[in-house]
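Chain residues, written in single-letter form:
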Amino acid sequence: MSNKKGEKLISVYWFAILVIVATGIVLMVNSFYGKTYDVRDVESKILADKVADCIYFGGKVNSLLLTPQGVFREDFRDRFMELCSLNFDVKGEFTPTPYYVEVQFFSFGDLRVMFETSVGNNNFKPDCNSKVENAEKLAKCNENQFYMKTNSNKIYLVKILSIVGKTDENTF
Amino acid sequence: MEKRGEILVENIIFIVLNIAFLSILVIFLLNQGSGESILEDSYSKQVALLIDSAKPGMIMRVNFENAKEVSDENGISFSEILLINDQYVTTKLNEDSGRSYHFFNDINVSSYYPEKNNDGDFTGFYVLTFSRKNVE
């Protein structure tokens, strides 16, 4: 009799262990699959690459960026979205755009800002310097820079800051 | 003899319960890995990123085989699972679900259609073709 009692006791403990293991697996699986894929890092890099290609592609400066005399054209700033094939319009009348792009052209020697333009939602900009623990809830920033040589042999340092918000779509 | 029989029945019940328990766990894991919402989320984002990096004149062939399996199970036609409209990519694998993701590239997705083989069956791939938007 005592042997049988012992077997039953083992069975109860066995199922208790199974329940504990199952609960652990369910929690682990939920923590892995429960989160959405966060693609904002890649997205901000693609955005920066697209802007870089728009400004300087194959060793040639965009003909609409500079005048033949090598002066930056103001209308490039005004038509930046159209010329670089960007569309930040989102659904919803009062929904702010989840993107921000800033381009700065520095002179090669003294690193003075010669020309700059920005589009999108600049409220995301402070997120780039923020060092909080739950950084997932902040916008993702990407900084790129490259040198650009114009037809008149002037060299500029081009810095591109691209930011993607979209916190709701990429985090829970 | 009677006692031995009792032990056998108890053991069988114990083993059956164990197998049932583990089966439920495995089914749960498999369902989680191929869940509709996860696939909808990942496909809409992947296609949006592909469009973001696309250039006019490109033709892309995107693998939707996993999505096809789920949409077939749910009775949704494969030709209706992808919608690209107003800068949004929407993937829908169930009548009541669907995920959308915005893309920033102002490019014209001139056509997107499910690829068919010689027999007229869907291959599980979508073909996307891109062209320049008409700028005034």
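Residues numbered from 1 in each chain as written. Chains lettered and ligands numbered in written order. Predicted model: local features only at pLDDT ≥ 70, side-chain atom pairs only at ≥ 80, totals over all residues. Heavy atoms only, no water.

Caption draft 1: Spotlight on the overall build of chain B. Secondary structure summary: chain B contains three helices and six strands in total. Along chain B, helices (α) and strands (β) appear in the sequence α-α-β-α-β-β-β-β-β when read from the amino end. At 23 Å, chain B has a C-alpha radius of gyration far larger than the 14 Å of a compact globule built from 136 residues. Dimensions along the principal axes, computed over C-alpha positions, put chain B at roughly 95 × 35 × 25 Å. Looking at the 136 residues of chain B, the share that counts as buried comes to 38%. A fraction of 57% describes how many contacts in chain B between residues 6 or more apart in sequence connect residues 24 or more apart. (Helix = DSSP H or I, 4+ residues; strand = E, 2+ residues; numbered from the N terminus. Rg over C-alpha atoms; globule rule 2.2 N^0.38 Å. Buried < 20%, exposed > 50% of the residue type's maximum accessible area, 1.4 Å probe, protein only. Contact = heavy atoms within 4.5 Å.)

Caption draft 2: Representation of the pairing of strand β1 (residues 59–63) of chain B in the model. Residue and element names in this part refer to chain B. Of the two faces of β1, the one lined by M60 and V62 is fully buried and the one lined by I59, R61 and N63 carries no buried residue. Across five bridges, β1 lies against strand β6 (residues 122–131) in antiparallel orientation. Directly across from N63, in β6, lies its bridge partner F125. (Pairing = 2+ DSSP bridges.)

Caption draft 3: The arrangement of the environment of F125 of chain B in detail. Residue and element names in this part refer to chain B. Checked against the element boundaries, F125 lands in strand β6. The class for F125 is buried, based on a relative accessible area of 15%. Taking the C-alpha atoms as reference points, F125 and Y112, 13 residues apart in sequence, are found 10 Å from one another.

Caption draft 4: Highlighting the environment of V164 of chain A. Residues and elements named next belong to chain A. Mapped onto the elements of the fold, V164 is located in strand β6 (residues 155–164). We classify V164 as buried; its relative accessible area is 0%. Residues V164 and F108 lie 56 residues apart in sequence; the distance between their C-alpha atoms is 29 Å.

Caption draft 5: Region of interest: the nonpolar core. Of all hydrophobic cores here, the largest spans 57 residues; its most connected members are I55, L65 and M148 of chain A together with I51 and F64 of chain B. In terms of residues, this core owes the most to one element, helix α2 (residues 40–55) of chain A, which gives seven residues. The residues contacting F64 of chain B, other than those within four sequence positions of it, are Y43, V47, F78, I81, L82, T91, G124, F125 and Y126 of chain B. (Core = buried A, V, L, I, M, F, W, Y, C linked by side-chain atoms within 4.5 Å.)

Caption draft 6: Representation of the pattern of salt bridges in the model. Here the structure, examined in full by the defined rule, presents 13 salt bridges over all chains. D38 of chain A is paired through a salt bridge with R40 of chain A; the nearest N and O atoms lie 2.9 Å apart. Residue R40 of chain A is classed as buried on the basis of its relative accessible area of 0%. Three or more residues are tied together by salt bridges with common partners; here these are D41, K45 and R99 of chain B. (Salt bridge = Lys/Arg side-chain N within 4 Å of Asp/Glu carboxyl O.)

Caption draft 7: Structural view of the state of the cysteines. Residues and elements named next belong to chain A. Counted according to the given criterion, the structure contains two disulfides over all chains. The disulfide bridge from C54 ends at C84, spanning 2.0 Å between sulfur atoms. On the S-S bond that ties C54 to C84, the torsion sits near -75°, and the link is left-handed. Placement of C54 in helix α2 and of C84 in the loop between α4 (80–83) and β3 (99–107) is noted, with a sequence separation of 30 residues between them. Both residues of the pair, C54 and C84, count as buried. (Disulfide = S-S within 2.5 Å.)

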